[in-house]
Each structure stands twice: as structure tokens, then as C-alpha cells.
Amino acid sequence: MATPSLIVPHHVAIVMDGNGRWATKRFLPRIAGHKQGVDSLSRCVRACLERGIAVLTVFAFSSENWNRPFEEVSGLMELLVLSLSREVPNLNASGVRLHFVGDRQRLSEKVQAGLAQAEHLTSGNHRLIFNVCFNYGGRWDIAQAAKKVASSGEPITELALDRAMALAHVPDPDLLIRTGGELRISNFLLWQAAYSELHFSDKLWPEFDEAALDEAIAVFRTRERRFGQTSAQVSGHGQKTTPKAA
Ligand code: FPP
């Protein structure tokens, strides 16, 4: 039987999928769905703060999203800059610390400056760490970590790679949610999600509200997290772990 844990997940990660379909269903341009997605994201951050979640990581723009039509990509870049100027003061006042995770080199100077400014302004906050993955890909992250470790001359071990990953400042996600009904990881947190509990919601991201988050947390609480051990070991009734050398 699953062991219910009544704590909230420490780290929640989200693939915010379904903005385009939300807009298309309403005969609106796709960017209208992304705008609504920003509102949904603000609501989600507030909900995480209220529930005592310590880390929230969201997938806002993937390395593959450059392949979308030019007007959607430029619309997302403009939306990012606009959202930063609108939302960062509120986030700062709420004790949220922002981190942007991903390859910044391809971003315009204006976008890069906005990210750096938001990170600097919120750097003293501790209530919620909010990682926004932007021009991010899980494969990119593993490759950049491997390059870093190799160039340091240190042996390439799991621990060394882990420390070089772009999310090294937070523990791995406990709960990974994907909205929009697709059952895929889509190059998100490939390294860090090794033991995350997965939850797939049929709700499109703009419709993902507090009740949907609570449902995901409730499902998480029913999961038994074994990290490779047996159920008996996890519940404290089984044999001890085999020593590494045996
Ligand atoms: C996936 O939905 C969503 C994105 C690629 C962008 C996510 C961005 C936000 C929620 C807004 C926050 C981002 C910024 C820039 C501040 P989709 O477009 O793939 O939806 P679909 O599967 O219905 O087409």
C-alpha cells in the first residue's frame, strides 16, 4: 500500500502546455493563449507561496521553440520582457527569488538585461525559488555540465555532473506536472527528473488553477517514493541496504 505523506512537495516542476490550443478554441491568435498563460503562471506562483512549496520550476521556452513561426517566437520574447516589468515588483514583494535557467547567448541584449536585472533585484529573497527555464533543453543542460566538468579536469562522475547542472542550486523536483493532456517529458529536466513523481493533467495551461494544483499534490501524497528500494525497506520493515562493496 502506498505511504501517504502529508507534506507538500518541496520542489514542483511544470511543463505549461496547451496555451496555443486554448487560444485556437476561442478563435484567438496563439499569442493570446501565451498571455493567458502568464496570468495562469502568476496564479500558480501565488498558490505555491500559499501552500509552502519551496521551489517552482517552469518550462517557458524550450531550445526547440525557436522552430515556431517568427511572429510567435518574437511575441514570446516581447511577452517575457513585458511580464518581467509587470510581475517582478510583485514577486519581489512576495519574497520570490527568480532564476533564469537556459542558454542566454541566443537571446537579445534587451532580454538578457531583463533577466539579469530581475535576478539581481530578487537575489535576497528566500520564500520561494522560482526557476524559469527559458531557451532551455535537458540535453543542452547535460552537455553544458559535461563540458564544464571536462574542462575543469575533474573526473566525470555523477556527483561532478550534478554540481555542474543548471539547476544545481536546488534539489531535484519531487513532483513534475505536465498540463495539456500530452504524456511526454519533451526534453525538460532529463537529468533532474530521474525520481520525480509524474502527474499529467488534461487541463490546458491557462485553465490550470489552484484546484488543479491541489489535485496534483493530493495524487503526489498517495505515491510511495522508493528510490530503488523495496516497499518494505521504505516503510521501515525491510532489510537494510546492501553495502556498496558487496
Ligand atoms: C506551450 O504551449 C507553451 C509555451 C511554449 C510557452 C509557455 C509560456 C507561458 C506559459 C507564458 C510564460 C512565458 C513567458 C514568455 C513569460 P503550446 O503553445 O505548445 O500549446 P499547444 O500545445 O496548445 O499548441
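Up top you'll find the structure we're talking about.
Now for a look at the structure at hand.

Calculation criteria
- Residues numbered from 1 in each chain as written.
- Predicted model: local features only at pLDDT ≥ 70, side-chain atom pairs only at ≥ 80, totals over all residues.
- Heavy atoms only, no water.
- Phe/Tyr/Trp six-rings, centres within 6.5 Å; stacked < 30°, edge-to-face > 60°.
- Buried < 20%, exposed > 50% of the residue type's maximum accessible area, 1.4 Å probe, protein only.
- Helix = DSSP H or I, 4+ residues; strand = E, 2+ residues; numbered from the N terminus.
- Polar contact = N/O pair within 3.5 Å; in protein donor to acceptor, adjacent residues only side chain to side chain.
- Near = heavy atom within 4 Å.
- Areas by Shrake-Rupley, 256 points an atom, 1.4 Å probe, with all protein chains shown as cover.
- Expected span 1.5 Å × (residues − 1).
- Arc of directions from axis to C-beta.
- Contact = heavy atoms within 4.5 Å.
- Pairing = 2+ DSSP bridges.
- Axes fitted to C-alpha atoms, helices over the stretch in contact; angles between N-to-C directions.
- Core = buried A, V, L, I, M, F, W, Y, C linked by side-chain atoms within 4.5 Å.

What follows deals with the packing of aromatic side chains. Taken as a whole, this structure holds eight aromatic pairs when the rule is applied. Their ring planes at 80 degrees and their centres at 5.1 Å tell us that Phe-61 and Trp-66 sit as a pair that is edge-to-face. Note on Phe-61: relative accessible area 0%, which makes it buried. Judged by centre distance (5.4 Å) and plane angle (20 degrees), the ring pair of Trp-205 and Phe-208 falls under stacked. Overall, Trp-205 belongs to the buried group, its relative accessible area being 1%. Residue Phe-208 is classed as buried on the basis of its relative accessible area of 2%.

Our next topic: the side chain of Ser-42. Position of Ser-42 among the secondary structure elements: in helix α2 (residues 30-51). A polar contact is formed between the side chain of Ser-42 and the side chain of Glu-87, at a distance of 3.3 Å.

Of all residues adjacent to the ligand, which total 18 residues, the nearest are Asp-17, Gly-20, Arg-21, Arg-30 and Arg-68. At a separation of 3.1 Å, an oxygen atom of the ligand approaches a polar backbone atom of Gly-20. Relative to its unbound accessible surface of 620 Å², the ligand loses 90% to contact with the protein. Mapped onto the shell around the ligand, the elements with two or more residues apiece are α1 (19-25), α2 and α3 (70-93).

On to helix α5 (residues 138-152), then. Under the 1.5 Å per step criterion, the end-to-end length of α5 is 21 Å for 15 residues, consistent within 8% with the ideal 21 Å. Looking only at α5, the buried set comprises Gly-138, Asp-141, Gln-144, Ala-145 and Val-149. Within α5, the buried residues cover an arc of 130 degrees as seen down the axis, which keeps them to one side. Opposite the packed face of α5, turned more than 90 degrees from it, sit the exposed residues Arg-139, Lys-147 and Ser-151. Elements that come into contact with the buried residues of α5 comprise β4 (128-136) and α6 (158-164).

Turning our eyes to something else, we now look at the sheet that holds strand β5 (residues 175-178). The strand order β3-β4-β2-β1-β5-β6 describes an open sheet built from six strands, whose pairing is parallel. The open sheet has two edge strands, β3 (96-101) and β6 (197-200), and neither has a second partner. Each strand axis lies, on average, 20 degrees off the axis of its neighbour in the sheet, ignoring direction.

Right, let's talk about the nonpolar core for a bit. Grouped together as the largest cluster of nonpolar side chains are 41 residues, with contacts concentrated most on Ile-14, Leu-56 and Phe-130. Top contributing element to this core by residue count: α3, with seven residues. Those residues in contact with Phe-130 that sit more than four places away from it in its chain are Leu-41, Val-45, Leu-56, Val-58, Leu-91, Val-96, Arg-97, Leu-98 and His-99. Judged by nonpolar contacts, the second largest core, of 14 residues, contains Val-55, Ile-129, Cys-133 and Leu-176.

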